[in-house]
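# Architecture and fold: a report
Residue strings, one per chain:
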Number of protein chains: 2
Amino acid sequence: MGSGDVKQEVTDKYSLRGRVFQRLRDDILSGKYEVGEELREVAIGEELGVSRTPVREAFRQLELEGLIQIILNKGAYVVGINDTDVRDIYLIRARLEGLAARWAVDRITDAQLEEMEENVYLAKFHAEKGHLEQMFDLDNRFHEILYEAAGSKMLEHQLKDYHQYVLRVRKKTLNNANRGPASNLEHEAIVDAIKSRNADEAERLAHQHIINAYENMLKNGLIRPED
Amino acid sequence: MGSGDVKQEVTDKYSLRGRVFQRLRDDILSGKYEVGEELREVAIGEELGVSRTPVREAFRQLELEGLIQIILNKGAYVVGINDTDVRDIYLIRARLEGLAARWAVDRITDAQLEEMEENVYLAKFHAEKGHLEQMFDLDNRFHEILYEAAGSKMLEHQLKDYHQYVLRVRKKTLNNANRGPASNLEHEAIVDAIKSRNADEAERLAHQHIINAYENMLKNGLIRPED
DNA sequence: TTTTGTATTATTGTATGCAATCCATGGTCC
DNA sequence: GGACCATGGATTGCATACAATAATACAAAA
């Protein structure tokens, strides 16, 4: 939020609470827990070898993220994320990602632009070699740079959240089909649009890029169409 | 998130933690604490008459909302919300609000549509009478209905958050100037577009509605232009 | 059989205690 | 005088203890 502030992940990895939070988040997103399942503080604590305190604090955060619902004096229940949510996220992300690209046109730093170009170059290389893990990481990073380049803590925060949400689904996307190379080309076009300061084009391309990713998932049956 | 789930405020008002959370959130948004100020668990606890535990849990939530930054073993620092953030929120909200209106066209229930029409009618009444408080509440409710009518927990959650953020700024907006009646007219147009199932128009109007609200704030000097 | 009241248990909400960490102060050595 | 290190106090991170609430089981009454 505050615009010119420190770069620091909101949830640190080195506190017990941070570890519990990330672990539970992963477990919920990966489907380890059934939707509607009740999470008990002691049980989770024992499983992770910590007391109730960090578990409770993690619960409060997960609640705020919408991953669990806490009912006073009753319990914490997994809300999860279904295909409808995934679709919604992609459609929301598409618009916000477009906005990010638009803002990046004016605000991107030279260093960020350079990293983007390197990213595209490397991604092309790894795509040829078939290095899926690297492609996945580079894709993640590409979008992160874009979010940062948009120069808005609010937007960055938001987009990173959504990005996280669909991480698991996305992993499948890149592995399956040959979305990788197509995605790379789109990245390249986005960078070009930003570099040539064409805001409309940047927004349009970034928007379409997310839509394409989603439709690719549909096409490969990774997600049910919905509606 | 899970799409068909219970209507329940994420943060309950009746636990100590809930009260601490809302209180701190209000205090931060209203500017009681300086940006960068350190919040100490014991001090806050004493002020509100509670122990560190609920304060800590509230801190974790505020951190996730981006209102404070917690540095491990060090402290919690107010991040706050500045004019840039407000602008960003309005621009983000404008796009998402448009999306909400678009989705509402297909998904709004008869009851919701009816409540919207009543809302517009009542708002017109109170505008004539100059009842600012009621207008403020009705305006809040109008947007809430729209978010609910969009039929997407993800989007609703998001928009309600942003709505909260700018609440204080918004209060000034309605009081000042004669934005009230203009806003009412725009609401009415949005309802009409939704009722006549014109998605493009609904999105355009809802988008513009937020932009107008923001520009009105600028015009009245409630916010500095920025950039 | 169903329902209702009650006692018991499980679980959460909050407070407190203890260990680890950080920060400021002051002292020592160069 | 300035850089380095030790020490004490303050503050957080986590664990545990206690209180309040809700769920369950079971018995008694209709």
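Small disclaimer: the values here were computed from a predicted structure and weren't measured.

Procedures and definitions
- Every chain is numbered on its own, with residues counted from 1 as its sequence reads.
- By the order in which they are written, chains take letters starting at A while ligands take numbers starting at 1.
- Local features in this predicted model are restricted to residues whose pLDDT is 70 or higher, and side-chain atom pairs enter the listing and the counts only when it is 80 or higher, whereas totals over whole chains, interfaces and linings include all residues.
- Based on all heavy atoms of the structure, the side-chain values leave hydrogens and waters out of the count.
- For helices the rule is a DSSP run of H or I covering at least 4 residues; for strands it is a run of E covering at least 2, with both sets numbered from the N terminus onward.
- Relative accessibility thresholds used throughout: buried, under 20% of the residue-type maximum; exposed, over 50%; partly exposed, between the two (1.4 Å probe, protein chains only).
- Residue contacts are defined here by distance: any two heavy atoms, one from each residue, within 4.5 Å place the two residues in contact.
- Computed by Shrake-Rupley with a 1.4 Å probe, the accessible areas treat only the displayed protein chains as cover when residues are assessed.
- Whether a residue is near a molecule or strand depends on its heavy atoms: it is near if one of them lies within 4 Å of it.
- Polar contacts, as used here, are pairs of N or O atoms within 3.5 Å; protein pairs need one atom able to donate a hydrogen and one able to accept it. Residues neighboring in sequence count only if both atoms are side-chain atoms.
- Classes in brief: Ala, Val, Leu, Ile, Met, Phe, Trp, Tyr, Cys and Pro nonpolar; Asp, Glu, Lys and Arg charged; the others, Gly included, polar.
- The quantity known as pLDDT measures the predictor's confidence residue by residue, on a range of 0 to 100.
- In short, DSSP must find at least two bridges between two strands for them to pair.
- In short, buried area is how much 1.4 Å probe accessible area vanishes from two parts on joining, totalled over both.
- By convention in these notes, a salt bridge is any Lys or Arg side-chain nitrogen within 4 Å of a carboxyl oxygen on Asp or Glu.
- The axes are straight lines fitted to the C-alpha atoms, using for helices just the contacting stretch, and the angles between their N-to-C directions are given from 0 to 180°.
- Small angles under 35 degrees read as roughly parallel and large ones over 145 as roughly antiparallel, with 65 to 115 read as roughly perpendicular and the rest as oblique.
- Helix crossings fall into two classes, left-handed where the near helix is turned counterclockwise from the far one by less than a right angle and right-handed where it is turned clockwise.
- Only residues with pLDDT of at least 70 in both copies contribute their C-alpha atoms to the least-squares superposition of the copies.
- Just so you know, the domain bounds were taken from an automatic or database domain assignment.

### Things to note about the overall build of chain A
The helix and strand tally for chain A stands at ten helices and three strands. Each helix and strand of chain A, placed in order from N terminus to C terminus, yields the pattern α-β-α-α-β-β-α-α-α-α-α-α-α. Relative to its 227 residues, chain A shows a buried fraction of 55%. Considering only contacts within chain A whose residues lie at least 6 apart along the sequence, 70% involve residues at least 24 apart. Carbon and sulfur atoms make up 49% of the accessible area of chain A, which totals about 10,200 Å².

### Looking at the protein's contact with DNA strand C
Neighbouring residues of DNA strand C: 20 residues in total, closest Arg56 of chain A together with Leu16, Ser51, Thr53 and Lys74 of chain B. Within 4 Å of the protein, the contacting atoms of DNA strand C are 69% sugar and phosphate, with bases supplying the remainder. Within the side chain of Arg60 of chain A, an N or O atom sits 2.9 Å from a phosphate oxygen of DNA strand C. Side-chain polar atom of Thr53 of chain B to a base nitrogen of DNA strand C: 2.5 Å apart, as the coordinates give it. Elements with a minimum of two residues in the surface near DNA strand C: α3 (52-65) of chain A together with α1 (16-29) and α3 (52-65) of chain B. Classifying every residue of the surface near DNA strand C by side-chain character gives five nonpolar, six polar and nine charged.

### With respect to the confidence of the model for chain A
Of all residues in chain A, 89% have pLDDT values of 70 or greater, and the mean over the chain is 86. Every residue in residues 1-11 of chain A scores below 50 in pLDDT, and together they form 38 contacts with partners more than four places removed in sequence or on other chains.

### As for the sheet that holds strand β1 (residues 38-39) of chain B
Residues and elements named next belong to chain B. The antiparallel open sheet is built from three strands, whose spatial order is β1-β3-β2. Strands at the two margins of the open sheet, each flanked by one partner only, are β1 and β2 (68-71). In this structure, β2 lies alongside strand β3 (residues 75-78), joined through four bridges in antiparallel fashion. Opposite Ile71, over in β3, you have Gly75 as the bridge partner.

### Notes on the interface of chain B and chain A
With 49 residues of chain B at the interface, the matching set in chain A holds 49 residues. Summed over both partners, the interface of chain B with chain A comes to about 4,200 Å²; 56% of that surface belongs to carbon and sulfur atoms. At the boundary of chain B with chain A, the tally comes to eight salt bridges. One salt bridge in this structure joins Arg60 of chain A and Glu57 of chain B, with 3.2 Å as the shortest N-O distance. Linking chain B to chain A there are 17 residue pairs in polar contact (both at pLDDT 80 or more). Elements represented by at least two residues in the side of chain B that touches chain A include exactly α1, α3, β2, α4 (83-107) and α7 (153-165) of chain B. By residue number, the principal contributor to the side of chain B that touches chain A is α4 of chain B, which donates 13 residues. Residue classes in the side of chain B that touches chain A are distributed as 20 nonpolar, 14 polar and 15 charged.

### A word on the sheet that holds strand β2 (residues 68-71) of chain A
The strands making up a sheet are joined through hydrogen bonds of the backbone, oriented either antiparallel or parallel. All names here are of chain A. On the basis of which strands lie adjacent, the open sheet formed by three strands has the order β1-β3-β2 and antiparallel pairing. Both outer strands of the open sheet, β1 (38-39) and β2, are each paired with one neighbouring strand and no more. With two bridges joining them, β1 and strand β3 (residues 75-78) adopt antiparallel strand pairing. Opposite Glu38, over in β3, you have Tyr77 as the bridge partner. Contacts from α3 reach β1, β2 and β3, with the element oriented near 115° to β2.

### Let's talk about unusual backbone geometry
Positive phi values are uncommon outside glycine, yet Asn73 of chain A reaches one of about 65°. Residue position: Asn73 of chain A is located in the loop between β2 and β3.

### Here's the deal with the packing of α4 of chain B against helix α10 (residues 199-219) of chain B
Residue and element names in this part refer to chain B. For the pair α4 and α10, the least separation of the axes is 7 Å and the interaxial angle reads 155°. As judged from the angle between their axes, α4 and α10 are roughly antiparallel. Seen from above, α4 lies across α10 with right-handed handedness. Residue classes in the contact of α4 with α10 are distributed as 15 nonpolar, two polar and seven charged.

### Brief notes about the relation of the copies chain B and chain A
Here chain B sits on chain A after a turn of 180° about the axis and a move of 0.0 Å along it, with an RMSD of 0.1 Å. Both chain copies can therefore be described as sitting about a two-fold axis.

### Some words on the domain arrangement of chain A
Each domain of chain A was delimited in the assignment, giving domain 1 (3-78) and domain 2 (83-219). The centre of domain 1 of chain A, based on its C-alpha atoms, is set 28 Å off from the matching centre of domain 2 of chain A.

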